[in-house]
Amino acid sequence: MSAPVIDSVRPAAPDTRAGRGTRDHRTTPARFDTALGWNDRPGLAWGLRVLLCVIALAVFAAPFLTIFSGAFTTHPSGSSLSFLPHGTTLSNFKVAAAQGMWDYLGNSLVIAGGGLLLQLVVCTLAAYALARHKFRGQALIMMLFMMTLMLPEEVIAIPLSLVLGDVPVLHLDLKGTVWGVILPLGAWGFSVMMLTEFMRDIPDEIEEAARLDGVGELRMLWQIVLPLCRPALGVAGVLGFIMIWDQYLLPLIAAKDPTDYTVTVALATLRTDPVVGSGVVLAGAVIALIPSLIVYLLLQRSLVTGIAAGATKG
């Protein structure tokens, strides 16, 4: 009777410097390894990628450097670009403050904060109803939300002005108040559409298990659905803030007095003032730019995660 044949097993790499180097080479990615094939070995492809990154950085960073440089320059030239301030001074910011720029910034912060909060609440409730419930006219409602994205602000400017001057049924005049700007921004078709698509991808089994435990609608939304939609909420928050912050026509329509202007409208009026120079306008632009940068830096991880999650669905 012959002895059984035992398959030979390849021994593991010895615990030596050469063995560890082999395992590290197989399992550890390169330091600059990416989906684009970036690696840390210099070559023609590596140099081309570096060149493209430098060009992209120059294109996107040049306007910011020019704004910051001109804001701290005594007499900036509008006909030439300068990335470093000449004759550094803070007088431009003092003149901008004397023109009421900080008051306009406060108006913008109140409108952006209140408008974003209302927008997230309304869009979340609308998306939950469209994604997790079935009813007649659902496709029509979604189409109406999408149609609002195709209407330019100039088309609805006159009707919106009439509505804000005399709100139907209530007969209230909202012009000259922050509600005249906040309420029209309470719903955004883009956020509704994006949140609806995220909520539709939540497995039905999770909702059915919660229903068996006696979870109601509001608790279902707050404790089950919203935690699973955090990436989408981050994207809606960042893009919604930028959309509200960049509003120009709506604050102009809703204002009754120049003191009601937001920082974007104030910058436009400051630019047409022949008394102030371009340095003051650039200083105002820096003041208006700071909140957007802060919001992006605080929520950039949620923004990237939400975009990546949306790109990989399906």
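See the structure printed just above.
Residues numbered from 1 in each chain as written. Predicted model: local features only at pLDDT ≥ 70, side-chain atom pairs only at ≥ 80, totals over all residues. Heavy atoms only, no water.

Engineer: Pulling in residues and values, what's your account of the overall build of the protein?
Structural biologist: Summing up its helical and strand segments, the protein has 14 helices and zero strands in all. Seen in sequence order, the protein has helices and strands lined up from the N terminus as α-α-α-α-α-α-α-α-α-α-α-α-α-α. Buried residues in the protein amount to 32% of all 314 residues. The long-range share in the protein, meaning contacts at least 24 apart out of those at least 6 apart in sequence, stands at 66%. Looking at the protein as shown, the accessible area adds up to about 20,300 Å², and 68% of this sits on carbon and sulfur atoms. (Helix = DSSP H or I, 4+ residues; strand = E, 2+ residues; numbered from the N terminus. Buried < 20%, exposed > 50% of the residue type's maximum accessible area, 1.4 Å probe, protein only. Contact = heavy atoms within 4.5 Å. Areas by Shrake-Rupley, 256 points an atom, 1.4 Å probe, with all protein chains shown as cover.)

Engineer: So what about the side chain of Ser 191? Which residues, and what values?
Structural biologist: Along the chain, Ser 191 falls in helix H8 (residues 189-200). Leaving out residues up to four positions away in the same chain, Ser 191 has contacts with Gln 119, Cys 123 and Ala 236.

Engineer: Tell me what's going on with the nonpolar core, and back it up with residues and numbers.
Structural biologist: Core analysis: the biggest nonpolar cluster contains 62 residues, and Met 101, Met 199, Val 225 and Ile 244 have the highest contact counts within it. With twelve residues, helix H4 (residues 101-132) is the largest single contributor of residues to this core. (Core = buried A, V, L, I, M, F, W, Y, C linked by side-chain atoms within 4.5 Å.)

Engineer: Would you mind going over the packing of H4 against helix H10 (residues 217-228) in detail, with residue names and values included?
Structural biologist: Relative to each other, H4 and H10 sit at 100°, their axes nearing to 12 Å. As judged from the angle between their axes, H4 and H10 are roughly perpendicular. Within the contact between the two elements, H4 uses Thr 124, Leu 125 and Tyr 128 and H10 uses Glu 217, Met 220, Leu 221, Val 225 and Leu 226. When the residues that make up the contact of H4 with H10 are grouped by side-chain class, the tally is six nonpolar, one polar and one charged. (Axes fitted to C-alpha atoms, helices over the stretch in contact; angles between N-to-C directions. Parallel < 35°, antiparallel > 145°, perpendicular 65-115°, else oblique. Nonpolar A, V, L, I, M, F, W, Y, C, P; charged D, E, K, R; others polar.)

Engineer: So what's going on with a nonpolar patch on the surface? Which residues, and what values?
Structural biologist: There is a patch of nonpolar side chains on the surface, built from Leu 48, Leu 51, Leu 52, Ile 55, Val 59 and Phe 60 and spanning about 630 Å² of accessible area. Secondary-structure assignment places Val 59 in helix H2 (residues 44-71). On the basis of relative accessible area, Val 59 is assigned to the exposed category, the value being 53%. (Patch = residues over 30% accessible without salt bridge, like charges linked within 9 Å, V, L, I, M, F, W, Y side chains within 5 Å. Salt bridge = Lys/Arg side-chain N within 4 Å of Asp/Glu carboxyl O.)

Engineer: Talk me through the packing of H4 against H8; I want residue IDs and the actual numbers.
Structural biologist: Remark: H4 packs on H8, axes separated minimally by 8 Å, with the N-to-C direction vectors making an angle of 45°. Here H4 lies oblique to H8, going by the angle between them. Here the hand of the crossing between H4 and H8 comes out right-handed. Together, Gln 119, Cys 123, Thr 124, Ala 126, Ala 127, Tyr 128, Leu 130, Ala 131 and Arg 132 of H4 and Ser 191, Val 192, Leu 195, Thr 196, Met 199 and Arg 200 of H8 make up the contact between the two elements. (Left-handed = near helix turned anticlockwise from the far one by under 90°.)

Engineer: Break down the packing of aromatic side chains for me, with residues and values.
Structural biologist: Per the counting criterion, the structure on display carries three aromatic pairs. Relative to Phe 93, the ring of Phe 72 has its centre 5.0 Å away and its plane inclined at 45°; by these criteria the two rings are tilted. Note that Phe 72 is positioned in the loop between H2 and helix H3 (91-98) and Phe 93 in helix H3, a separation of 21 residues in sequence. For Phe 93, a relative accessible area of 17% corresponds to the buried category. Judged by centre distance (5.5 Å) and plane angle (20°), the ring pair of Phe 241 and Trp 245 falls under stacked. A residue pair is termed a helical-turn pair when its members lie 3 or 4 positions apart in one helix, as Phe 241 and Trp 245 do in helix H11 (residues 230-245) at four residues. This pair shows no difference in class: Phe 241 is buried, exactly as Trp 245 is. (Phe/Tyr/Trp six-rings, centres within 6.5 Å; stacked < 30°, edge-to-face > 60°.)

Engineer: Explain H2 to me, and be specific about the residues and the numbers.
Structural biologist: Taking 1.5 Å of rise per residue, 28 residues should cover 40 Å, and H2 covers 40 Å from first to last C-alpha, within 8% of that figure. When the local axis directions of H2 are compared, the greatest deviation, roughly 40°, occurs at Ala 61, which is followed within four positions by the proline Pro 63. Buried within H2 are the following residues: Ala 62, Thr 66, Ser 69, Gly 70 and Ala 71. (Expected span 1.5 Å × (residues − 1). Bend = angle between axes of the 7 residues up to and from the residue.)

Engineer: Would you mind going over the environment of Met 194 in detail, with residue names and values included?
Structural biologist: Examined against the element boundaries, Met 194 turns out to sit in helix H8. By relative accessible area, Met 194 is classed as buried at 13%. Note: C-alpha distance between Met 194 and Ala 232 (38 residues apart in sequence) is 7.2 Å. Once you skip the residues sitting within four places of it in the chain, Met 194 turns out to touch Ala 232, Val 235 and Ala 236.

Engineer: Residue-level account of unusual backbone geometry, with values.
Structural biologist: Of note in the backbone geometry, Val 169 takes a positive phi value of approximately 70° without being a glycine. Looking at the element boundaries, Val 169 is found in the loop between helix H6 (153-165) and helix H7 (179-182). Even without glycine at this site, His 171 takes up a positive phi of about 55°. Its place among the elements puts His 171 in the loop between H6 and H7.

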